[in-house]
Every structure is written in structure tokens, then in C-alpha cells.
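# An overview of the molecular structure
What follows is each chain in one-letter form.
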Amino acid sequence: MFKIAKKLTVIMLSASIIFSCSGIIAHAEGIKDKKQEYYQEYKRIIREANEKIGSKDFELLPIDEINEDDMLTPKEFQKAVNAAIQLDTQKPVIDDNGGEYSNESNDNMSARASGETVTESQNKKVSVADNHSVIMKCTATFVTRYNASKKRRFITQIKSAKVTVSGYGFSWKKSPTITKRVIDGGRTGEILCLGVIKNPSGFTKQVSLSFEFYCNTGGGIEVR
């Protein structure tokens, strides 16, 4: 419904939880009018979002490319945009050693990372129906560095991260938005994932997950 231009990521909410008109719209013309009304609100929300972040990263899809069944109420659309802004906004994290780990540019931290590279995975279940869940698997690669004064290793870089989905034929509808963050003074690596999964029958569900990986004193990565 809208996309972040830099990442070309389309973010949409599940058709199962949106656009419920409670029987008010009874024919195609009424749906068309409601779509136009909502679209005007979407344009306002996107304009205000770009003003807030000082760029034109958010773009609204043409109205003809938006399926009526996938439309959000303006309130839900505002929430989706706010969530995208939160994930897309990167802030520096100051560690307790006096160093600054930049969330925005993990790649620029390579010079700081003189140590081991460790890959670890974490699974989380996401309910898609009564007594049915899919597995979301996050696999991330970390670089750790030894701090002599603290006598332990810290995460200095998250080199890569991906999240896959398995179970009941579900897959990503579009590539998810993934944000990598080094937090807790370099003791924890956090992977934030936002996207929409779908199954062959067309059922969709929004997924918003946080995966945390803890760096122990020896540089091993543990799942929390």
C-alpha cells in the first residue's frame, strides 16, 4: 500500500483484520467512494510522514494498484506508517565502555571488529489459526571484539540477518523490513522484522517480531 523508496519494501496489513465496514457499503459504487475517501487520507498521512523524517522515502502506491480487500482504515494506515518510521529510524547506542555503536551503519563498524564471527539462529512461533502456528527462523551473523578492561567480548557488528517462514505453505508476501541493532552496551544484538506472510489460499497476516541474541563473556552468542 505504501513503500519505503530506499528499501523498496511494501508494507501491508492482513486483509483479515482491516477494512471492516460493518455492512454500510452494500454495492460496488459505495466501495469505490470509500476507497477514494481513504486514499485522500493516505496521501495526507504519507505527506506528513515524509515531513517528519525530512525526506521523501515513503511513497503511496497508485490507487488502481490497491485492492479494496487490502485497504486499511485511516487509523490503521497511520499505525502501519508509524511502525515503519520506527523501524526505519536508526539511533546510535552508547556502550558502557565509552564507545558508540551506530545502528544505522553496521557496515561502517568493520574496522572496530577485530575478533570472531559467530552465526546463530532463533525460532519463534506465530499463530495463524486456532491451534496452528508457523515457525519464523532468524539467522544472524555477529562479529565480537574482546575488551581487555572489561575482560569480556562484546558484539561490535551484525554482519547479516535474515528471517524465513515455514509451515502450512506460508511464505513472505514481500521481502520483510529487517533492522539490525546492537544494544545493551554491545552485550545484545537485536533483529527487528516487519512484514506480511501469506499462504496459497490467499490468507495474509502481518508479522512484527523482535529476536534478541546475547553475547556471553567468551564471545559465544546465546538465544534469549
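Here the residue numbering is sequential within each chain, running from 1 through the sequence in written order. Whole-chain, interface and lining totals are the exception, using all residues; otherwise, since this is a predicted model, local features are given only for residues with pLDDT of at least 70 and side-chain atom pairs are given and counted only at 80 or more. The side-chain figures draw on all heavy atoms in the structure; neither hydrogens nor water molecules are used.

## Focus: the overall build of the chain
- On a plain count of helices and strands, the chain comes out with two helices and 13 strands.
- Going through the 224 residues of the chain one by one, you find that 44% of them count as buried.
- Whether two residues are in contact is decided by their heavy atoms, any of which lying within 4.5 Å being enough. Across the chain, every contact between residues at least 6 apart in sequence was considered, and the portion connecting residues at least 24 apart equals 59%.
- Surface summary for the chain: the accessible area is close to 11800 Å², and the carbon and sulfur share equals 46%. Counting from the N terminus, the helices are DSSP H or I runs at least four residues long and the strands are E runs at least two residues long. The buried label goes to any residue with under 20% of its type's maximum accessible area, the exposed label to any with over 50%, and the partly exposed label to all in between, with areas taken from a 1.4 Å probe on protein chains only. Per-residue and other accessible areas were derived by the Shrake-Rupley procedure at a 1.4 Å probe size, with only the shown protein chains allowed to occlude residues.

## Here's the deal with unusual backbone geometry
- For Asn-131, which is not glycine, the phi torsion reads 60° and is therefore positive.
- Tracing the backbone through its elements, the reader meets Asn-131 in the loop between β6 (117-129) and β7 (132-147).
- With relative accessibility at 80%, the residue Asn-131 sits in the exposed group.
- Phi is positive for Asp-184, which is not a glycine, with a value near 55°.

## Points about the packing of aromatic side chains
- For Phe, Tyr and Trp, where Trp contributes only its six-membered ring, two rings pair if their centres lie within 6.5 Å, and the inter-plane angle classes them as stacked under 30 degrees, edge-to-face over 60, or tilted in between. Evaluated as defined, the whole model comprises four aromatic pairs.
- Considering the side-chain rings of Tyr-42 and Phe-77, the 4.2 Å spacing of their centres and the 25° angle between planes classify their relative orientation as stacked. Of the two residues, Tyr-42 is situated in helix α1 (residues 28-53) and Phe-77 in helix α2 (residues 74-88); the sequence distance between them amounts to 35 residues. Assigned by exposure class, Tyr-42 and Phe-77 land together as buried.
- Judged by centre distance (6.2 Å) and plane angle (90°), the ring pair of Phe-170 and Phe-203 falls under edge-to-face. Separated by 33 residues along the polypeptide, Phe-170 in the loop between β8 (152-166) and β9 (171-172) and Phe-203 in the loop between β11 (188-198) and β12 (204-215) bring together distant segments of the chain.
- For Phe-170, a relative accessible area of 7% puts it in the buried group.

## Side note on the sheet that holds β6
- One open sheet accounts for three strands, arranged β6-β7-β8; its pairing is antiparallel. Strands with a single pairing partner mark the edges of an open sheet, and in this sheet they are β6 and β8. Each strand axis lies, on average, 20° off the axis of its neighbour in the sheet, ignoring direction. Pairing between strands requires that DSSP locate at least two bridges from one strand to the other. Only the stretch in contact is used when a helix axis is fitted, and all axes are lines through C-alpha atoms; the angle between N-to-C directions ranges over 0 to 180 degrees.

## Some remarks on the pattern of salt bridges
- Just to be clear on terms, a salt bridge is a Lys or Arg side-chain nitrogen sitting within 4 Å of an Asp or Glu carboxyl oxygen. Taken as a whole and judged by the stated rule, the model has four salt bridges.
- Across the pair Glu-37 and Lys-34 runs a salt bridge, and its minimum N-O distance is 3.8 Å. Of this pair, Glu-37 and Lys-34 both sit in helix α1, three residues apart, roughly one helical turn.
- Measuring nitrogen to oxygen at the nearest pair gives 2.4 Å for the salt bridge that ties Glu-190 to Arg-181.
- On the basis of relative accessible area, Glu-190 is assigned to the buried category, the value being 7%.
- The exposure class assigned to Arg-181 is partly exposed, which follows from its relative accessible area of 28%.
- Salt bridges sharing partners connect three or more residues here, namely Glu-41, Arg-44 and Glu-48.

## Observations concerning the nonpolar core
- The term nonpolar core refers to a set of buried residues drawn from Ala, Val, Leu, Ile, Met, Phe, Trp, Tyr and Cys, joined through side-chain atoms within 4.5 Å. Residues Val-134, Met-136, Ile-197, Phe-211 and Phe-213 are the most contacted members of the largest nonpolar core, which totals 24 residues.
- Sorting the residues of this core by element identifies β6, β7, β8, β11 and β12 as the ones contributing at least two each.
- In contact with Phe-211, other than residues within four places in its own chain, are Gln-122, Lys-124, Met-136, Cys-138, Val-163, Gly-189, Glu-190 and Ile-191.

## Describing the pairing of β7
- As judged from the 12 bridges shared by β6 and β7, these two strands associate in the antiparallel manner. Among the inter-strand pairings, Ser-121 is bridged to a residue of β7, identified as Thr-139.
- Here β6 folds back onto β7 in antiparallel fashion, the turn holding two residues, of which Asn-131 has a positive phi close to 60°.
- Direction of pairing for β7 relative to β8: antiparallel, over a ladder of 13 bridges. Note that in β8 the partner of Met-136 across the bridge is Val-165.
- Where β7 folds back onto β8 in an antiparallel hairpin, the turn is made up of four residues, including Lys-151, whose phi is positive at roughly 55°.

## Structural notes on the confidence of the model for the chain
- For the chain, per-residue confidence averages 76 on the pLDDT scale, and residues scoring 70 or more make up 70% of the total.
- Per-residue confidence from the predictor is reported as pLDDT, a score between 0 and 100. Counting interchain partners and residues more than four positions distant, the pLDDT-below-50 stretch residues 4-27 has 57 contacts.
- Note on residues 90-114: pLDDT is under 50 here. Beyond four places in sequence and across chains, it has 57 contacts.

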